[in-house]
Amino acid sequence: MAERYPERYLTLLLKARAGQLTRRQVLSWGLRLGLSTPAIMSLLAACAQPERGAAPTPTSVPAAGASPAPGATPTGERRLSENRDFVILFSGGVPDLDPQSAYDNQASALFLSCYEMLIRLKGESTFDYEPMLAREWSHNDELTEFTFKLAPNAKFHDGTPCDADAVKASFVRFRRMERGPYNVISRFVDNPEEQIQAVDSTTLVFKTPKPEPLFLAAIASEYGPLVVSPAAMEQHKTADDPYAHEWFAQNIVGTGPYRVVEALPQERFVFERFPDYHSEPPFFDRIIARVVVEDATRRQLMESGEAHGCAYFNAEDLVAMKQNPALQVIDYETTQVNWIRMNYHKLNTKARQGFAYAWPYQEVLDKVLLGYGKMINGPIPDTVIGYDPSIPTYTTDLDKAKQLLTEAGVKAGDSFTFMYASGSADTAAMAQLFQANLAQIGITLELQQVDRAALIQLNYGDAPPEERPHFTAGGWWPDYNDSWNQMYPNFHSNSVGSKGSNSSFYQNPEVDKLMDQLQVAKSGDEIRELTGKIVKIMTWDDPAAIFFGQITRATVLAKDIRGFIPNGIYIASYNFHQMWREAT
Amino acid sequence: MTAEPQTTEQRPLVLGLAEREVRRQGPLAWVVAFARQSPLNVLALLLILLFLFLVAFGSALAPHDPVKPNIQVKLHPPSSTYWFGTDELGRDILSRVMSGAKYSLGIAFIILSIALVVGVLVGALAGYLGGLVDEVLMRITDLFLAFPALILAMAIAATLGRNLQNVVIALTAVYWPWYARLVRGQVLAIKEREFVEAARAVGATPERVMLRHILPNTMAPVIVQLTIDVGYAVLATAGLSFLGLGAQPPLPEWGTMIAGARTFFREAWWYISFPGLALTLTVVGFNLLGDGLRDYFDPRSRRH
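Residues numbered from 1 in each chain as written. Chains lettered and ligands numbered in written order. Predicted model: local features only at pLDDT ≥ 70, side-chain atom pairs only at ≥ 80, totals over all residues. Heavy atoms only, no water.

### Some thoughts on the packing of aromatic side chains
Counted by the stated rule, this structure contains 44 aromatic pairs over all chains. On the basis of an interplanar angle of 70° and a centroid distance of 6.3 Å, the ring pair of A:Phe86 and A:Phe576 is categorised as edge-to-face. Linking A:Phe86 in strand β1 (residues 85-90) with A:Phe576 in the loop between β18 (561-562) and β19 (580-581), this pair joins segments that are 490 residues apart in sequence. Of the two residues, A:Phe86 and A:Phe576, both sit in the buried class. With a centroid separation of 5.8 Å and 75° between ring planes, the pair formed by A:Phe418 and A:Tyr420 is classed as edge-to-face. Here A:Phe418 falls in the buried class, since its relative accessible area comes to 1%. Through successive ring pairs, a cluster of aromatic residues spans A:Phe355, A:Trp359, A:Phe416, A:Phe418, A:Tyr420, A:Phe434, A:Phe471 and A:Phe548. Across from the ring centre of A:Phe313, 6.0 Å away, lies the NZ or CZ of A:Arg298, which sits over that ring. A cation over an aromatic ring shows up here: B:Arg262 above the ring of B:Phe242, its NZ or CZ 5.1 Å from the ring centre. (Phe/Tyr/Trp six-rings, centres within 6.5 Å; stacked < 30°, edge-to-face > 60°. Helix = DSSP H or I, 4+ residues; strand = E, 2+ residues; numbered from the N terminus. Buried < 20%, exposed > 50% of the residue type's maximum accessible area, 1.4 Å probe, protein only. Lys NZ or Arg CZ within 6 Å of the ring centre and 35° of its normal.)

Below, the structure written as structure tokens:
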């Protein structure tokens, strides 16, 4: 009598439990299971996607959609949730926790929970301010003296008072330590001991030798001017490390609404409410930041409700998540421009012009960024002061590219290298489109995917230009709304290699001269005129990079999160102190 | 005296039997006999034939250009035009899977060929010469075996640079010690046997003894090991490419394709499924072949 199927399976299971299955039996059953799985998946997918006739590739700029406007409540009343944890996701670790050293977007997003600037940008504006550590501020008519009135009851997380002397000591440290974003302060303050004065315990005055219309904007930057505890610095400084940077790189002592309770830089950070916070306590009891490297995992955590906020998704995921009623995808215009840096020492002017014509501009904007970007004519976005709309943009023209490359001495079959960080599906797609365009004119582009940390190390390290690739993918937004601040770290010859962010070693004396003039420009008209001249040179006459898009960003939040206000300067950050969760 | 068969010593005789059968029946008849032993052997042969065919002709027969983007049809689901759908750049996944066989499988063959030559040479010398040579060669072998295989391969590939040539070097460094160990054991067992003594007695040179009498008789377990390792080598190649250490875009290597697809698997199931299926079937095919050969060479499980 033939063995009945259930008995056969039972026998199989018993054998498996007893470890008596042969390798051949395991392979045989594994094969059956493996072959049947795609078929089942196909059937399930076919049932789940009846309208999947064409790829979901909208080409227009995404709208805010059906989600509530930032900060708005759909019901008009505040029904507060009992769940007071807010879990956010990062795409990589935050190895440096020193806010006056880290020049990293994810680090700054983290810092806004536990550190404070004197003032911060108000709402979506890039030139209006609201209180943070300072309750009031003013300046004289000449814009050479700026006075800040501090919160009288402000304390650091270590219990020491945050008075005017402490804030001055923190700014002296920021300026003198000369790490990371220190250009934010060095532009205005060269001698902090003299220029910063603690008038009384709550009054701090900054004096500048010439009018500085952008000083308040710089002081509101989330990169650098955050106040750290001088008592902690004194306690942990060493002879080799007089500013206790090594200690602050691993510890957090600020004045913000949250204090750190767990910091595992490559895994997670946990913050809890600081009971002695000087202003109104925030809604959330805890902020938990988790490091999740995989795009797909971050999306899964958001969709399952395990995480409540994330600003790091590729365009394809953002478009898909807009269909999820459990999420709100909040799009916002930014000051970010993405570009492909061209190695100034390896590529002559005509070659760089030729490559700029070979970039697939429209395909990238329409089909890769899916509308999360628009054409731009240089490094200055239309949201930043100094933008000049009269400068034309490139369009893809392979014939022109070939002609210029031939004139540059590039021969068919020559090979070039393009390096980008692995893990970004968007960048990988752009790189391959560029590679395909170059292949059409007989040029080989070798793609090199490296991990993000390695790319950052190469970009901002001391490697000479000869050891760097021909092209690297990147992007930038200013620390505050100013064209000089956007260009100086990236394209001035003083900023090459580890001295700044000029990783392509762009060195044009005329651009240097104009940038130096721009740094001390006194009026909006002068800023616009100088910026226009620089952008024209860097885009057309002596290209520094392929400027391919001004980026629209999106932050994805759980449906019940309220009070989030995006800001085009504080990109991918959160206004934790204003956010809350609605009871559902 | 034990009644249990000494399998290590029987294998050369079994291979001798198999060789005699191949010579007597011809290779085709031997394949038929092998296939008749089990339906899984038939499946293994069919799968391997299919993928070997793709290695040879996959690129030529691909219906679309496997490399050139056509972004207007990005992430198109399977249809009559694109049987396996398209990827995020609009490239035909069927064409990429077909063309990818020569990278994924071809690289595995190259890796194992080099590993086999190096491993057999080292193992044979160590086993036959013994003494100090054996000690030195085996300690070098132990040095490579002391590291976890994939970690060692990742370290080598990451140090040398990210491309397929370096994957070959990295995985060859991982695989050759296993063959050296295997062959050394076989040589140690065979070199004391009567027929080897007889060969020496009639004045055969050491080279002749090694090449004509010992090495051919070590090949049965090596062939079985080789067939099983092909699957693992394909997986390891794909694994390194998945991690970004192997094939670089736009090469349609299966591991690279799976790495690129993981971002899109929620919206485009076909993108990750078909290269994954190709990888699975290749590994299963070679594993089944390895098992089938082992059973075929083993008189205890052989059916007549």
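Resuming the write-up.
### Thoughts on the interface of chain B and chain A
Each side of the interface is counted separately: chain B has 38 residues, and chain A has 41 residues. Taking both partners together, chain B and chain A bury about 3,500 Å²; carbon and sulfur atoms supply 57% of that area. Summed over the three residues of chain B that lose the most area to chain A, namely B:Lys74, B:Arg266 and B:Glu267, the buried surface amounts to 18% of that side. On inspection of chain B and its partner chain A, the count reaches 4 salt bridges. B:Lys74 is the salt-bridge partner of A:Glu316, the closest N and O atoms lying 3.0 Å from each other. For the interface between chain B and chain A, the tally reads 8 residue pairs in polar contact (both at pLDDT 80 or more). Mapped by element, the contributors of at least two residues to the side of chain B that touches chain A are α3 (39-61), α10 (219-242) and α12 (269-297) of chain B. The biggest single contributor to the side of chain B that touches chain A is α12(B), with 11 residues. Residues belonging to the side of chain B that touches chain A are distributed by class as follows: 19 nonpolar, 9 polar and 10 charged. (Contact = heavy atoms within 4.5 Å. Buried area = accessible area lost by both parts, 1.4 Å probe. Salt bridge = Lys/Arg side-chain N within 4 Å of Asp/Glu carboxyl O. Polar contact = N/O pair within 3.5 Å; in protein donor to acceptor, adjacent residues only side chain to side chain. Nonpolar A, V, L, I, M, F, W, Y, C, P; charged D, E, K, R; others polar.)

### Some words on the domain arrangement of chain A
All names here are of chain A. As assigned here, chain A comprises domain 1 (85-302) and domain 2 (333-553). The gap between the C-alpha centroids of domain 1 and domain 2 is 31 Å. Residue-level contacts link 16 residues of domain 1 with 15 residues of domain 2. Counting the surface lost from both domain 1 and domain 2, the interface buries some 1,500 Å², and carbon and sulfur atoms represent 54% of this. In terms of surface lost to domain 2, no three residues of domain 1 exceed Tyr-103, Asn-183 and Arg-187, which account for 33% of the buried area on that side. Taking the shortest distance from any N to any O, the salt bridge between Asp-482 and Arg-187 comes out at 2.4 Å. (Domains from an automatic or database assignment.)

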